[in-house]
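Letter by letter, the chains look like this.
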Amino acid sequence: MDWSAKITGSICLRNNLAANPRKVAAMESIDDAAAEIWGSGGRLTVDLGALARNWRTLADRAADAETAAAVKGDAYGIGLEQAVPALAKAGCRCFFVALPQEGIRLKALLPSATVYVLNGLLPGEAARLAAAGLRPVLGSMAEIDEWAAYRAAGGDGRAALHVDTGMNRLGVTLDEAAALADRTEALGLSLVMSHLACADQPEHPLNAAQLGAFATAARLFPSLPASLANSAGLHLSPDYSFDLVRPGIALYGGRFGTDFPALEPVVCVEARIVQIRSVAAGETVGYGATQHVKRPSRIAILSAGYADGYHRMAGSSDGAPGASAFLHGRHAPLVGRISMDLMAIDVTDIPEARRGDHAELFGPNIPVDQVAASAGTIGYELLTSLGKRYRRHYVGGA
Ligand SMILES: *Cc1c(COP(=O)(O)O)cnc(C)c1O
């Protein structure tokens, strides 16, 4: 397979692919050409095949609803230019970005795509947005007024209407929406949508309240497709799917596992061991001397840190253990704080660990959300912060 030639002995990919004998055979024929990856401290592998399969899994789950894809934030950090063709090949035709600049990049890749710009319209942008073939998601009466003026002047661009159903971030009120119902055509509306605030907490009462309010909003615009669900909304119940679903994080392998057992990890981040040192019992490791080792330890220093987007709060201290890395089939706990370019892991129990080895920071063996939880944040933040210094490999593409 074409992609296999690009990988150079990724430990985590080997583990990931272990279930697929054909891929393993392809992997084994690859020389561990460490020389090919010189110059960077780590490797970031993006599995575009997994991305495409995740999209199809979600599309199957969405049943009769169309499945779009949220690709804002450079496709959640994995790379818009690589993600969009893979999603398009899987069958995706409709995309959501945050900003016009992202939409312009997307249109250059896929001119036929329907592209909604979630952050809406900044003053004076209506004509330019429409000329770029982008559809703003109109989320306030000020935006509606600007868009209406552009349309009245002969513009034929299309737009979505965002109705706020309880999140109080973007969107017009239900009353405002009701007053717009008979302007659907004049405004060139092609979608009515809202966004869930608490879909990741299935028991939260706001979910049902938003569902009820959105059903009302959708009824005001019977000619328009309606869209409410993000990834977590898609999981709540089929009632949330309406005509179009807009998953993001689930496509990229975040929040998978118990929620969506069929979804696969897409990103694997590995850092290389720069050195392995012995640390005597009772000594500390790293800035601030925040963690004492309890036994004579082998400490591996990895060539990645918070400048690579690894969250500094995922580090470890005596009081609060941090995240871990994964190598040679085992977890190695972080020791001490994360530095800008380095971090330390305990490999006392992994005697095979050697200078130059790759250790997985997150990927098939360590869910990105687990590292995020160690840092008090969410997988979205780790993915969208993926550093620029890793050597990037895209595998599994067409
Ligand atoms: C980001 C976003 C999505 C996708 O959300 P996920 O939780 O990543 O699935 C959908 N709709 C809107 C309005 C968004 O901002």
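Residues numbered from 1 in each chain as written. Predicted model: local features only at pLDDT ≥ 70, side-chain atom pairs only at ≥ 80, totals over all residues. Heavy atoms only, no water.

## A word on the overall build of the protein chain
In terms of regular secondary structure, the protein chain is built from 13 helices and 17 strands. Looking at the protein chain residue by residue over its 398 residues, the buried ones come to 53%. Considering only residue pairs separated by 6 or more positions, the protein chain has 65% of its internal contacts joining residues 24 or more positions apart. (Helix = DSSP H or I, 4+ residues; strand = E, 2+ residues; numbered from the N terminus. Buried < 20%, exposed > 50% of the residue type's maximum accessible area, 1.4 Å probe, protein only. Contact = heavy atoms within 4.5 Å.)

## Brief notes about the pattern of salt bridges
Per the stated rule, a full pass over the model turns up nine salt bridges. For the salt bridge of Asp346 with Arg295, the shortest nitrogen-to-oxygen distance reads 3.4 Å. Of this pair, Asp346 sits in strand E15 (residues 343-346) while Arg295 sits in the loop between strand E11 (267-279) and strand E12 (297-302), and the two are 51 residues apart along the sequence. Overall, the relative accessible area of 14% leaves Asp346 in the buried class. Residue classification places Arg295 among the partly exposed positions, given a relative accessible area of 33%. In this structure, the salt-bridge partner of Asp308 is Arg389, at a minimum N-O distance of 3.0 Å. One end of the pair, Asp308, is in the loop between E12 and strand E13 (324-327); the other, Arg389, is in the loop between helix H13 (379-384) and strand E17 (391-395), with 81 residues separating them in the sequence. (Salt bridge = Lys/Arg side-chain N within 4 Å of Asp/Glu carboxyl O.)

## Quick notes on the site of the ligand
Lining the immediate environment of the ligand, one finds 14 residues, of which Lys72, Tyr76, Ser231, Ile249 and Tyr380 sit closest. At 2.8 Å from an oxygen atom of the ligand is found a main-chain nitrogen or oxygen belonging to Gly248. When isolated, the ligand has an accessible area of 390 Å², and the protein chains bury 94% of it. The residue inventory of the shell around the ligand, partitioned by class, reads seven nonpolar, four polar and three charged. (Near = heavy atom within 4 Å. Polar contact = N/O pair within 3.5 Å; in protein donor to acceptor, adjacent residues only side chain to side chain. Areas by Shrake-Rupley, 256 points an atom, 1.4 Å probe, with all protein chains shown as cover. Nonpolar A, V, L, I, M, F, W, Y, C, P; charged D, E, K, R; others polar.)

## Considering the side chain of Lys107
With respect to the helices, strands and loops of the structure, Lys107 is situated in helix H6 (residues 100-109). For the buried Lys107, no salt bridge is present, and the opposite-charge side chain at shortest range is Asp156, 12 Å distant. Apart from residues lying up to four places away in sequence, Lys107 is in contact with Ser112, Ala113, Val115, Ala132, Gly133 and Leu134. (Lys, Arg positive; Asp, Glu negative; His and termini not counted.)

## Details of the packing of helix H5 (residues 80-90) against H6
For any two helices packed against each other, one specifies the crossing angle of their axes together with the interaxial distance. H6 packs onto H5 with a crossing angle of 50° between their chain directions and a minimal axis gap of 10 Å. In terms of orientation, H5 lies oblique with respect to H6. Along this stretch, H5 crosses H6, giving a crossing that reads as right-handed. The residues of H6 that touch H5, namely those facing Leu80, Glu81 and Val84, are Glu102, Arg105, Leu106 and Leu109. Counted by class, the contact of H5 with H6 contains four nonpolar, no polar and three charged residues. (Axes fitted to C-alpha atoms, helices over the stretch in contact; angles between N-to-C directions. Parallel < 35°, antiparallel > 145°, perpendicular 65-115°, else oblique. Left-handed = near helix turned anticlockwise from the far one by under 90°.)

## So, the UniProt feature "active site" (unreviewed entry) in the protein chain
As recorded in UniProt, the sites labelled "active site" (unreviewed entry) are Lys72 and Tyr287. Tracing the sequence through the fold places Lys72 in helix H4 (residues 72-76). Residue classification places Lys72 among the partly exposed residues on the basis of a relative accessible area of 29%. Those residues in contact with Lys72 that sit more than four places away from it in its chain are Phe96, Val97, Ala98, Glu102 and Leu118. For Tyr287, the location among the structural elements is in the loop between E11 and E12. Excluding anything up to four places from it in sequence, Tyr287 contacts Arg337 and Ser339. (UniProt positions renumbered as here; feature names shortened; annotations may be inferred.)

## Section: the environment of Ala215
Relative to the helices and strands, Ala215 resides in helix H10 (residues 205-220). A sequence separation of eleven residues divides Ala215 from Ala226, and the C-alpha atoms of the two residues are 8.9 Å apart.

## Focus on the packing of aromatic side chains
One pair of aromatic rings is described through two measures. These are the centre distance and the angle between the planes. Enumeration according to the criterion identifies five aromatic pairs in this entry. Ring geometry for Trp147 against Tyr150: centres 4.7 Å apart, planes inclined by 45°, an arrangement best described as tilted. Taken as a pair, Trp147 and Tyr150 lie in helix H8 (residues 141-152) at a separation of three residues, close to a single helical turn. By relative accessible area, which is 15% here, Tyr150 ends up buried. Members of the aromatic cluster, joined through ring pairs, are Tyr76, Tyr252 and Tyr380. The positively charged end of Arg246 is found above the aromatic ring belonging to Phe96, 5.8 Å away from the centroid. (Phe/Tyr/Trp six-rings, centres within 6.5 Å; stacked < 30°, edge-to-face > 60°. Lys NZ or Arg CZ within 6 Å of the ring centre and 35° of its normal.)

## Concerning the packing of helix H3 (residues 48-61) against H5
At a closest axis distance of 9 Å, the pairing of H3 and H5 adopts a crossing angle of 45°. If you check the angle between H3 and H5, you find them oblique. As H3 packs across H5, the resulting crossing turns out to be right-handed. The residues of H5 that touch H3, namely those facing Leu48, Leu51, Ala52, Trp55 and Arg56, are Gln82, Ala83, Ala86, Leu87 and Ala90. When grouped by side-chain class, the residues that make up the contact of H3 with H5 number eight nonpolar, one polar and one charged.

## Here we look at the environment of Arg246
Within the element layout of this structure, Arg246 appears in the loop between strand E10 (244-245) and E11. Every residue in contact with Arg246, bar those within four places of it in the chain, is listed here: Ala70, Phe96, Met193, Ser194, His195, Ser227, Leu228, Ala229, Asn230 and Ser231. Within the structure, Arg246 has its side chain in polar contact with the side chain of His195 (distance 3.2 Å).

## Remarks on H5
Of all the positions in H5, only Leu80, Ala83, Val84, Ala86, Leu87, Ala88 and Ala90 are classed as buried. Those residues of H5 that are buried lie in contact with H3, strand E3 (69-70), H4, strand E4 (94-97) and H6. A positive backbone phi angle near 125° is found at Gly91, which sits one or two residues after H5.

## Re the nonpolar core
Of all hydrophobic cores here, the largest spans 107 residues; its most connected members are Leu51, Val71, Phe95, Leu106, Ile345 and Leu361. Residue contributions to this core reach at least three from each of two domains, namely domain 1 (48-252) and domain 2 (267-395). Excluding residues that lie within four positions of it along the chain, Ile345 makes contacts with Arg298, Ile299, Ala300, Leu302, Ala325, Leu327, Ala332, Pro333, Leu334, Val335 and Ala359. The next biggest cluster of nonpolar side chains, apart from the first, holds ten residues, and it includes Phe96, Tyr116, Met193 and Leu244. (Core = buried A, V, L, I, M, F, W, Y, C linked by side-chain atoms within 4.5 Å. Domains from an automatic or database assignment.)

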